[in-house]
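For reference, the chains in residue letters:
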Amino acid sequence: MPHVLIVDDEPNTRAALSEITKAEGFTVATAADLREARIQIVRQAPDVVLTDLRLPDGSGMDLFDDLDAKLAVEVILITGHASVESAVDALRLGAADYLVKPINVQRLKAILDRVPRSTDLKAEIGSLRGELRRFGRFGQMLGNSPAMQDLYDQISKVAPTEATVLLIGESGTGKELAAQTVHELSLRRKQPFLPVNCGAISPNLIESEMFGHERGSFTGADRQHKGYFERASGGTLFLDEITEMPIELQVKLLRVLETGLFMRVGTNREIEADVRIIAATNRDPEGAVADGKLRADLYHRLNVFPLELPPLRNRGKDVELIALSLLDQLNASAKTTKTFPPEVLANLSAHHWPGNVRELKNYVQRAFIMADDGPISTSAVPLQISPTKPAQGAAISIPVGTSLADADRQLIFATLEQCSGVKKHAADILGISLKTLYNRLEEYSANGTREAMETERS
Ligand SMILES: Nc1ncnc2c1ncn2[C@@H]1O[C@H](COP(=O)(O)OP(=O)(O)OP(=O)(O)O)[C@@H](O)[C@H]1O
Ligand SMILES: [Mg+2]
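Residues numbered from 1 in each chain as written. Chains lettered and ligands numbered in written order. Predicted model: local features only at pLDDT ≥ 70, side-chain atom pairs only at ≥ 80, totals over all residues. Heavy atoms only, no water.

Asker: How do you make sense of the overall build of the chain when you look at a structure like this?
Answerer: A count of helices and strands for the chain gives 19 helices and 16 strands. Relative to the compact-globule value of 23 Å for 458 residues, the chain shows a C-alpha radius of gyration of 25 Å, a close match. The burial tally for the chain puts 51% of its 458 residues in the buried class. Long-range pairs, those at least 24 residues apart, make up 69% of the contacts in the chain with a sequence separation of at least 6. Looking at the chain as shown, the accessible area adds up to about 21,400 Å², and 51% of this sits on carbon and sulfur atoms. In the chain, 52 side chains carry a positive charge and 62 a negative one; their mean positions are 3 Å apart. (Helix = DSSP H or I, 4+ residues; strand = E, 2+ residues; numbered from the N terminus. Rg over C-alpha atoms; globule rule 2.2 N^0.38 Å. Buried < 20%, exposed > 50% of the residue type's maximum accessible area, 1.4 Å probe, protein only. Contact = heavy atoms within 4.5 Å. Areas by Shrake-Rupley, 256 points an atom, 1.4 Å probe, with all protein chains shown as cover. Lys, Arg positive; Asp, Glu negative; His and termini not counted. Charge placed at Lys NZ, Arg CZ, Asp CG, Glu CD.)

The following block contains the structure:
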């Protein structure tokens, strides 16, 4: 039977943790401080150590020195709210996972369940790192600039854990791709990865979309409906544009993160949530808290493991690497031999890339389509004017007889194109809120306007 050592100065916490771990099939020893913990480690070597970070006689992290590295003991750290630095440090030092107080019992069970299964994953992450050296990519993520290597390091540490991750970065920097990578490198990877754009769901429906509803719980609820939490069960729920989630719902989300339980709309039966949450925002989260768009308590709960996606302009040679590798892919599928001559690559490196990798990807696709086989000339495919100068924007002509709705649609797409897909810029230029823009795009795609999705997504 695997053996767990629980270290916490709070007798109640020790008792609660003992009960849960015993129920999961572990034998248990407890200690109230480092001194007692060291005695227990000598008495019986644990397979897992669950330790509070702050102990009367030091830090739980000091125990790493007492554990035999060869025995591969899994250390799970328990931290208070505002200790982002220590949680990140703990994973760097080799903690297998960590929990934030108040302890979410579901999460603790998921971690204990994972303990014996995590070796394969670690091997796989090791082999991805080998590929990074050889091919300049980490899974699907292209680039090996120092900024990206730093990011891959952090992804490698956090992916195999159950930790909630907050992705922060400008539009088009690859937040969704990073979220997918974290999912792929976790034990949840055989289960769904479900992306949800919090800004694109109507505020009236968002609660029932998230948590589901029972038949008859509100007008129009004519049958039972499973929400994202149930549909992503066992897997990862990617909450994109978290600052666009209505404040009332942020309260409910916080409760789920703390208790691991949620309720369908129209019931009071609690269901166990078995999802890992990855949230993303392209705004500065502290600014969003100051503006009242993001609740401070939710932010702290999400921000235990922040990952920042660097803007493309700070990734040096990655611009060329990504351009060339995307061009290779296009050449391979079309059986062509188009190339970027050095002057084009120099131009790409000098560009500011407000739309980041998405803009670069669009550029390479456009260049590929426009150019004949062989070297691609700069003049044939100019880079777009920076969206910070909207006055010089391209004109669109809308014939009399066009409906207002259709004119709106054309203007929205033209503006998005001009802004290289950066929705925030496009919304600013159009003088509408980001949420309105999302709602429109959602409507267009729901109406079967394929190109809506194409322009928006590609
Ligand atoms: N490092 C990368 N390597 C290869 N492709 C990338 C990389 N980063 C992003 N991409 C591609 O660029 C596009 C935009 O990425 P993604 O959707 O992940 O960005 P985002 O940060 O979520 O943007 P937004 O804030 O607008 O939602 C996608 O097609 C993605 O596959
Ligand atoms: Mg995104």
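That shown, we press on.
Asker: Can you help me understand the site of ligand 1 in this one?
Answerer: Near ligand 1 you find 16 residues, and of these Leu142, Ser171, Gly172, Lys175 and Lys361 are the closest. The separation between an oxygen atom of ligand 1 and a polar side-chain atom of Ser171 is 2.6 Å. Within the contact set of ligand 1, an oxygen atom lies 3.1 Å away from a backbone nitrogen or oxygen of Gly174. Class assignment of the residues belonging to the shell around ligand 1 gives a composition of four nonpolar, six polar and six charged. Both of domain 2 (136-308) and domain 3 (312-370) provide at least three residues apiece to the shell around ligand 1. (Near = heavy atom within 4 Å. Polar contact = N/O pair within 3.5 Å; in protein donor to acceptor, adjacent residues only side chain to side chain. Nonpolar A, V, L, I, M, F, W, Y, C, P; charged D, E, K, R; others polar. Domains from an automatic or database assignment.)

Asker: How do you make sense of the domain arrangement of the chain when you look at a structure like this?
Answerer: Accessible area lost upon the coming together of the parts is a frequently used measure of interface size. In terms of domain boundaries, the chain breaks down into domain 1 (3-116), domain 2 (136-308), domain 3 (312-370) and domain 4 (404-457). Computed from C-alpha coordinates alone, the two centres of domain 1 and domain 2 are separated by 26 Å. The interface of domain 1 with domain 2 comprises 19 residues on the first partner and 26 residues on the second. The junction of domain 1 with domain 2 conceals about 1,800 Å² of combined surface from both sides, 54% of it contributed by carbon and sulfur atoms. Counting across the interface, domain 1 meets domain 2 through zero salt bridges. The interface formed by domain 1 and domain 2 contains eight residue pairs in polar contact (both at pLDDT 80 or more). For the side of domain 1 that touches domain 2, the elements supplying multiple residues, two or more each, are helix H3 (84-93), strand E7 (97-100) and helix H4 (105-114). Here the residues of the side of domain 1 that touches domain 2 are counted per class, giving eleven nonpolar, three polar and five charged. (Buried area = accessible area lost by both parts, 1.4 Å probe. Salt bridge = Lys/Arg side-chain N within 4 Å of Asp/Glu carboxyl O.)

Asker: What is the right way to read the sheet that holds strand E11 (residues 193-197) from this model?
Answerer: Two orientations exist for strands paired in a sheet by backbone hydrogen bonds: parallel and antiparallel. With parallel pairing, the five strands of this open sheet are ordered in space as E11-E12-E15-E10-E16. Here the strands that pair on one side only, and so sit at the sheet edges, are E11 and strand E16 (305-308). This sheet shows a mean twist of 20° between the axes of neighbouring strands, independent of strand direction. Here four bridges tie strand E10 (residues 165-168) to strand E15 (residues 276-281), and the two strands are oriented parallel to one another. Following the sheet pairing, Ile168 is matched in E15 by Thr281. (Pairing = 2+ DSSP bridges. Axes fitted to C-alpha atoms, helices over the stretch in contact; angles between N-to-C directions.)

Asker: When you look at the packing of aromatic side chains in this model, what are you seeing that I'm missing?
Answerer: Describing an aromatic ring pair means giving the distance of the ring centres and the angle of the ring planes. Following the criterion strictly, the structure yields six aromatic pairs and no others. Between Phe138 and Tyr152 the ring centres are 4.7 Å apart and the planes differ by 15°, which places this aromatic pair in the stacked class. One end of the pair, Phe138, is in strand E8 (residues 137-138); the other, Tyr152, is in helix H6 (residues 146-158), with 14 residues separating them in the sequence. With a relative accessible area of 0%, Phe138 lands in the buried category. With 5.6 Å between their ring centres and 35° between their planes, Phe229 and Phe262 make a pair best called tilted. With Phe229 in helix H9 (residues 228-231) and Phe262 in strand E13 (residues 261-263), this pair connects stretches of sequence that are 33 residues apart. You can call Phe262 buried: its relative accessible area is 3%. Connected via pairs of aromatic rings, a cluster forms that spans Phe211, Phe229 and Phe262. (Phe/Tyr/Trp six-rings, centres within 6.5 Å; stacked < 30°, edge-to-face > 60°.)

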